[in-house]
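Here is what each chain is made of, one letter per residue.
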Amino acid sequence: MWSRCNLWALRATHRHRYLLTPAFAQTVRFSSGTTTMGVIGTHTVDTTERLAKLRELLKKPENNVKAFFVPSEDQHFSEYPAHSDERRAFISGFNGSAGCAIITLRDAFLFTDGRYFLQASQQLDSNWKLMKQGLPDVPTWQEFLSKHLEQGTRIGIDPTLISAADAESLKKSLEPRGSVLVSLQKNPVDIVWGKDRPPCPHNDVFPLDVKYAGETFQSKLQRLREEIKKKKAVASVITLLDEVAWLFNLRGTDIDFNPVFFAYAVVTPTEAILFMNDAQDQQTFLGSDVEIRPYESFIPALRQLATTLGANKEKPMLLGDKTSLAVVEAIGQENSILIPSPVAAMKAIKNETEIEGFRKCHIRDGAALTRYFAWLEEQLNDGVELNESQAASKLEEFRSELDLFRGLSFTTISSTGPNAAVIHYSPDPDDCAIIKKDQIYLCDSGGQYLDGTTDVTRTLHFGTPTNEEKRAFTRVLQGHISIDTAIFPTGTSGYIIDSFARRALWQEGWGYRHGTGHGVGHFLNVHEGPQGIGTRIAYNSTSLKVGMTVSNEPGYYADGRYGIRTESVVIVQEAKTPNNFGNGYLCFEHVTMCPIQTKLIDFSLMTAQEKEWLNSYHAETLEKVGPLLRNDLRALQWLERECSPV
């Protein structure tokens, strides 16, 4: 058995990707190295040899399978895994953050969503067929395995990389065709990758001071124990990295841009056990409240704990719904129950300290963005030639000067002209476009700060935009305003209000193939669940609650020409309404403070209320960000101009 980081025998070395700099003594900054968030490059990789070697391994007697499933996630189901865990990117050549691969003895299929159709079509070579999920007549990867492979197919899986819920559902759907899932003892992609596979990381781990976290880890453990008691369970098993980090008020640097570290946890009514690498031991901080055990002992310990705690159907061990098949098999299906993670639900609702941190870090972040856009405009007006990567590096430089900055929250999406239509594009430093004044420029970026995480997109034009560009920008802005100003009943989900953001675009026959909003972690992963705003039915399972953070980011993308997106982070708050039919109402508080370029707006499409919103937002931005720019006259003048009333 194995895992993406060799769960049973973790290696102790890792290539250097994170910097401990003198400017931030005893604290860690995240580097902007290659990652799948805002994917770097659109080059095609020749996968012929890799696939040939993989197929030979599939045919070996110890495997004897006719297909193999390769997901994007690691054993912790991280959206953005460590480089050592990017199996799907290695075998397919496509390195977007979402998607999975299915390789048969003759064919290879890559499944991804609308955010990555264009990028995948550019990166996949002729060995692959792109399966555009969400389009008519395109099956999901689950449907493909159960309905499109020949009967009696043995399908290889890595049990640490497939959720127990997916595995159970697949087993049932495969039965009528006589096909089966086969857990392989060694991952064939790892064997093909061989010595070129990066080593697994175990970098620095550090405590997050309660003045930023707003709650002690002891208090969080007590709240979790109350949930265990309510569920009449004997323990809760936590397998997602951001949940472990949040629960224990620890942060790490094992994954680019995500302040997490490789660990598992088990919490019982009387004990808390943290499984982490020896080199990352935080016993001094955790004290006697938490027992620390080696990371690689997790699976054997689960088997023992299930027996010691007397876990059974009536008194199960609680597992989050993203828990792997390997974990369930270690505990025993009859001794566990899969539920929406109680830690995820707790983490999603920010406390007052975290909310205030979000407000403050977004104001500082807005100052860096203002300095950047003012600088970029001046450079272009002076005829300086800058490529997308050089510009992104300058933005990182401005952010790095801010208080409490610890790195970027994802690779900056710095995109000009047609590249802006690639939803999660990011420039290759060695081969990217020159930013041109006569093209749309889209910048989606964010920072990690001790008091919060930012994610903001602004679209600008430094020349004269076309009427079509202005119309598209305005329709996107109207959708953004519609979400920002929404008032909705308590109990409403992001699935219900998603259409608010699309209505103006629908009037033009336009739309976008991504969600409208995702949760945002507090000095944690920039993408956080379970809340979100989008068309995925899963979003209907979680209602928006006071204290939740979510992004507001409608867009429009004209393939091969330009792309537009306007994104801010908002926090769910109670709404003050004249009446109170039902159980109360909710609204959003925006915390992102960065001007929205009025040059790109077609004001003939805007209502009086929308213009009023824009003026109010810009007045607030100028009031909050302006004082931070007293030492940068260029940026202050740019901010004052961009925030002028319309």
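Residues numbered from 1 in each chain as written. Predicted model: local features only at pLDDT ≥ 70, side-chain atom pairs only at ≥ 80, totals over all residues. Heavy atoms only, no water.

Going by an unreviewed UniProt entry, the protein chain carries the name Unplaced genomic scaffold CY34scaffold_306, whole genome shotgun sequence and comes from Suillus luteus UH-Slu-Lm8-n1. The Cofactor (unreviewed entry) comment attached to the protein chain in UniProt states, word for word, "Mn(2+)". (UniProt positions renumbered as here; feature names shortened; annotations may be inferred.)

Asker: Please clarify how the pattern of salt bridges should be interpreted in this entry.
Answerer: Once their charged atoms are close, side chains differing in charge can pair, the charge on each being opposite to the other. Considering all chains together, one arrives at 31 salt bridges under this definition. Here K66 ties to E150 by a salt bridge, and the two come within 3.1 Å at their closest N and O atoms. In this pair, K66 is assigned in the loop between α1 (48-59) and β4 (67-70) and E150 in the loop between α4 (141-147) and β8 (154-157), connecting sequence segments 84 residues apart. On the accessibility criterion, K66 (41% relative accessible area) is partly exposed. Each member of the salt-bridge network shares a partner with another, and the members are D85, R87, D190 and R197. (Salt bridge = Lys/Arg side-chain N within 4 Å of Asp/Glu carboxyl O. Helix = DSSP H or I, 4+ residues; strand = E, 2+ residues; numbered from the N terminus. Buried < 20%, exposed > 50% of the residue type's maximum accessible area, 1.4 Å probe, protein only.)

Asker: Before we go on, may I ask you to explain the nonpolar core in this structure?
Answerer: For soluble globular proteins, nonpolar side chains are generally found buried alongside one another. Membership of the largest hydrophobic core comes to 72 residues, with the highest contact counts inside it found for Y372, F373, L376, Y441, Y556 and F588. When residues in this core are grouped by element, the largest group, 11 residues, is from helix α14 (residues 352-381). In this view, L376 contacts L386, A391, I435, Y441 and F462; residues no more than four positions away in its chain are not counted. Core analysis: the second largest hydrophobic core is formed by 56 residues, A233, Y264, A311 and V343 among them. (Core = buried A, V, L, I, M, F, W, Y, C linked by side-chain atoms within 4.5 Å. Contact = heavy atoms within 4.5 Å.)

Asker: Sorry if this is basic, but what is going on with the domain arrangement of the protein chain here?
Answerer: You can read the domains of the protein chain as domain 1 (47-196), domain 2 (206-347) and domain 3 (352-643). Here domain 1 and domain 3 have C-alpha centroids that lie 34 Å from each other. Each side of the interface is counted separately: domain 1 has 10 residues, and domain 3 has eight residues. Surface buried jointly by domain 1 and domain 3 totals about 800 Å² across both partners, of which 62% is contributed by carbon and sulfur atoms. At the surface where domain 1 touches domain 3, the tally comes to zero salt bridges. Connecting domain 1 to domain 3 are four residue pairs in polar contact (both at pLDDT 80 or more). Residue classes in the side of domain 1 that touches domain 3 are distributed as five nonpolar, three polar and two charged. (Domains from an automatic or database assignment. Buried area = accessible area lost by both parts, 1.4 Å probe. Polar contact = N/O pair within 3.5 Å; in protein donor to acceptor, adjacent residues only side chain to side chain. Nonpolar A, V, L, I, M, F, W, Y, C, P; charged D, E, K, R; others polar.)

Asker: Explain the UniProt feature "domain: Peptidase M24" (unreviewed entry) in the protein chain to me, please; I cannot follow it from the model alone.
Answerer: As recorded in UniProt, the sites labelled "domain: Peptidase M24" (unreviewed entry) are residues 357-574. Along residues 357-574 the backbone is 32% helical and 26% strand, and the end-to-end C-alpha distance reaches 19 Å.

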